[in-house]
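Fold and contact review
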Amino acid sequence: QVQLVESGGGLVQTGGSLRLSCAASGDTFSINNMGWFRQTPGQQRDMVARILGGGSTTYADSVKGRFTISRDKDANTVHLQMNSLKPEDTAVYYCNYVITIGRYREYWGQGTQVTVSS
């Protein structure tokens, strides 16, 4: 099992910034894909940003140019720097951890609330 601990959510005004972090522990693997998804009530969980084992990144169109995903050298901690926040960024943000080598395994964090006030 892999445990994911998220931090950094909160309340911010429009135009402000927040930095989310997610630390993985337990049965981790240095080659993994990590990312952030978000979900609002009644909606599906959507990908916000992902960073793959080789370091390549992917962003949702709605956050390109505003959000940046990065990871620490240990490859098991990921950060999401969110700038120029908008009210529509309000959601619960979930950390995602995927191991694709060998048996496929996917894990989710408990979620952290991000609220952007107008």
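Scroll up to find the structure this text is about.
Notes on the structure in this doc start here.

What counts, and at which threshold
Residues numbered from 1 in each chain as written. Predicted model: local features only at pLDDT ≥ 70, side-chain atom pairs only at ≥ 80, totals over all residues. Heavy atoms only, no water. Buried < 20%, exposed > 50% of the residue type's maximum accessible area, 1.4 Å probe, protein only. Helix = DSSP H or I, 4+ residues; strand = E, 2+ residues; numbered from the N terminus. Pairing = 2+ DSSP bridges. Core = buried A, V, L, I, M, F, W, Y, C linked by side-chain atoms within 4.5 Å. Contact = heavy atoms within 4.5 Å. Salt bridge = Lys/Arg side-chain N within 4 Å of Asp/Glu carboxyl O. Disulfide = S-S within 2.5 Å.

1. Points about the pairing of strand β11 (residues 112-117)
- Across the two faces of β11 the burial differs, with T112, V114 and V116 buried and Q113, T115 and S117 not buried at all.
- Sheet topology places strand β2 (residues 10-13) next to β11; four bridges connect them, and they run parallel. Its bridge partner lying in β11, Q13 is registered against S117.
- For strand β9 (residues 91-99) and β11, the ladder comprises three bridges, and the chain directions are antiparallel. Bridge pairing links V92 to Q113 in β11.

2. A closer look at the nonpolar core
- The biggest cluster of nonpolar side chains holds 29 residues, and the ones touching the most others in it are W36, L80, M82 and Y93.
- For this core, the secondary-structure elements that each account for two or more residues are β1 (2-7), β3 (18-26), β4 (33-39), β5 (46-51), β7 (67-71), β8 (77-82), β9 and β11.
- With five residues, the single largest contributor to this core is β9.
- Apart from residues no more than four positions distant in its own chain, L80 is found in contact with L18, R19, L20, W36, V48, A49, F67, T68, I69 and Y93.

3. Thoughts on the pattern of salt bridges
- For the coordinates displayed, the defined rule picks out four salt bridges.
- Between D89 and R38 there is a salt bridge, and its shortest N-O distance comes to 3.0 Å. Of this pair, D89 sits in the loop between β8 and β9 while R38 sits in strand β4; the two residues are 51 residues apart in sequence, bridging distant segments of the chain.
- Owing to a relative accessible area of 15%, R38 belongs among the buried residues under this scheme.

4. Regarding the environment of T40
- One can find T40 in the loop between β4 and β5.
- The exposure class of T40 is partly exposed, given its relative accessible area of 31%.
- Separated by 27 residues in sequence, T40 and Q13 have C-alpha atoms that sit 18 Å apart.
- Discounting residues that sit within four places of it in the chain, T40 has contacts with T90 and A91.

5. Considerations on the state of the cysteines
- In this structure the tally under the stated criterion is one disulfide.
- What pairs with C22 in a disulfide is C95, and their sulfur atoms sit 2.1 Å apart. For the disulfide bridge between C22 and C95, the dihedral angle about the S-S bond is near -85°, and by the sign convention the bridge is left-handed. With a gap of 73 residues between them, C22 in strand β3 and C95 in strand β9 connect regions that are remote in the sequence.

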